[in-house]
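Architecture and fold: a report
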Amino acid sequence: GLIFACLGSNYADVLLRLLAGEQWGQSEKAIAALSAFCMYTAALAMNGMTEAFVYGIAQSGDEVGKLSFAHACVGGIFALIAPPLVKSRGTVGLVLANTISM
């Protein structure tokens with residue numbers, strides 16, 4: 001995830017030109033969205049490893065229940081922050097809201 005975040009965010013325009021054509025490769029919004037998504041993949045990998053570790057060391061059903069409650073709270077946070085971020089930053093705001101709510 002880290003290599004993809006470092007390289008992908010810097011070369012998003014080249015990747016878009018190769019895969020989607022010149023129109024998308026020149027679109028600043030598309031380049032920004034792909035760059036943000038590249039950074040999101042690194043955060044997603046860290047979140048997955050951390051969550052797997054926490055669930056792996058949970059010793060009782062009560063602890064798993066608390067984790068489920070935490071997931072519900074995170075969903076609520078996402079529901080609160082996503083609309084303003086999307087309104088102000090568009091697609092990048094949606095990726096940012098997902099990253100924050102992890």
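In what follows, the structure referred to is the one given above.
If you're wondering where the values come from, they're calculated on a predicted model, not measured in any experiment.

Let's shift gears to the pattern of salt bridges. Counting across every chain of the model gives three salt bridges. Asp 13 is paired through a salt bridge with Arg 17; the nearest N and O atoms lie 3.6 Å apart. Of the two residues, Asp 13 and Arg 17 both sit in helix H2 (residues 12-20), four residues apart, roughly one turn of that helix. Looking at Asp 13, the relative accessible area reads 25%, which means it is partly exposed.

Working definition: an aromatic ring pair is given by the centre-to-centre distance plus the angle between the planes. The tally for this structure, following the rule as stated, stands at one aromatic pair. Ring centres of Phe 37 and Tyr 40 lie 5.7 Å apart, and the angle between their planes is 40°; this geometry places the pair in the tilted category. You can see Phe 37 and its partner Tyr 40 sitting in helix H4 (residues 28-57), three residues apart, about one turn around the helix.

Thresholds applied
- Residues numbered from 1 in each chain as written.
- Predicted model: local features only at pLDDT ≥ 70, side-chain atom pairs only at ≥ 80, totals over all residues.
- Heavy atoms only, no water.
- Salt bridge = Lys/Arg side-chain N within 4 Å of Asp/Glu carboxyl O.
- Helix = DSSP H or I, 4+ residues; strand = E, 2+ residues; numbered from the N terminus.
- Buried < 20%, exposed > 50% of the residue type's maximum accessible area, 1.4 Å probe, protein only.
- Phe/Tyr/Trp six-rings, centres within 6.5 Å; stacked < 30°, edge-to-face > 60°.

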